[in-house]
Amino acid sequence: MPVLLAWGCATEPETASSPASRETVVLLHGLGRHPRAMHYLEYRLTRAGFEVFNIGYPSTELPPESLVRLLHDRVQLCCAEKQKVHFVAHSLGGLLVRAMLAEKRPVNLGRVVILGTPNQGAQLVDLLGDTRLFKSLAGPAGGGLGTGEQSFPHSLPTPDYELGVIAGTHSLNPVGSWLLKGPDDGIVSVESTRVAGMKDFMLVNSDHVMMRFSDQLVDAVIQFLRTGYFRSREK
């Protein structure tokens, strides 16, 4: 039977591997989303043989430091006894994973992949963060995602674990792309996703929201979790 949790779920495996023999992946959604947003990744990773925990958190209700503590507790609850735990996170979720690993890295840490994450801060937050509408929709965590030196992204140390970064280059948000500099996914510029210390970097022709459903992206995530690279070294 699948394991059901109030804050996420692990789907029933579709492979012959037993839970004890499979590596674990924790999924984290982005700002204003729900674990449902990561269901396709959950499905594909489960089919690939991983045990998956798709964790939800109140992204628009708490400041980043509170969300990090909450996620740490939930990851401990699901995965403290697992043999190896990887993380795959979208947007804000990627920053929270980086913050959590900076505070207390689990001994069973595997690899980390972050998708469309504003590692250098989000320029749109600089432009829109003081508006009433943005504050009501994004909450305290969203308000801290700007590019300033005191912002949440710039408070995080350089990763010293195996980190893969994927950025989108297609936009369904013409206003966002008009405001951003350079290639972007409609919400985050490609340049903002880069971070010192990353092991591999990849571009996908997808926008910020829909990249989670890209087969190219999911194939690359699976490849990185298995090998530490988005593409086969033979290619």
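Below: a short report on this structure.

What counts, and where the lines are drawn
- Residues numbered from 1 in each chain as written.
- Predicted model: local features only at pLDDT ≥ 70, side-chain atom pairs only at ≥ 80, totals over all residues.
- Heavy atoms only, no water.
- Salt bridge = Lys/Arg side-chain N within 4 Å of Asp/Glu carboxyl O.
- Helix = DSSP H or I, 4+ residues; strand = E, 2+ residues; numbered from the N terminus.
- Buried < 20%, exposed > 50% of the residue type's maximum accessible area, 1.4 Å probe, protein only.

1. With respect to the pattern of salt bridges
Counting across every chain of the model gives 7 salt bridges. The closest approach of N and O atoms between Lys 82 and Glu 51, which form a salt bridge, is 3.2 Å. Linking Lys 82 in the loop between helix 2 (64–79) and strand 5 (85–90) with Glu 51 in strand 4 (residues 51–55), this pair joins segments that are 31 residues apart in sequence. Residue class for Glu 51 comes out buried when judged on its relative accessible area of 9%. For Arg 194, the salt bridge is made with Glu 191, and the minimal N-O distance between the two is 3.6 Å. Judged by relative accessible area, Arg 194 falls into the partly exposed class, the value being 31%. Note on Glu 191: relative accessible area 55%, which makes it exposed. Among the charged side chains, a network of salt bridges with common partners joins Arg 44, Asp 215 and Asp 219.

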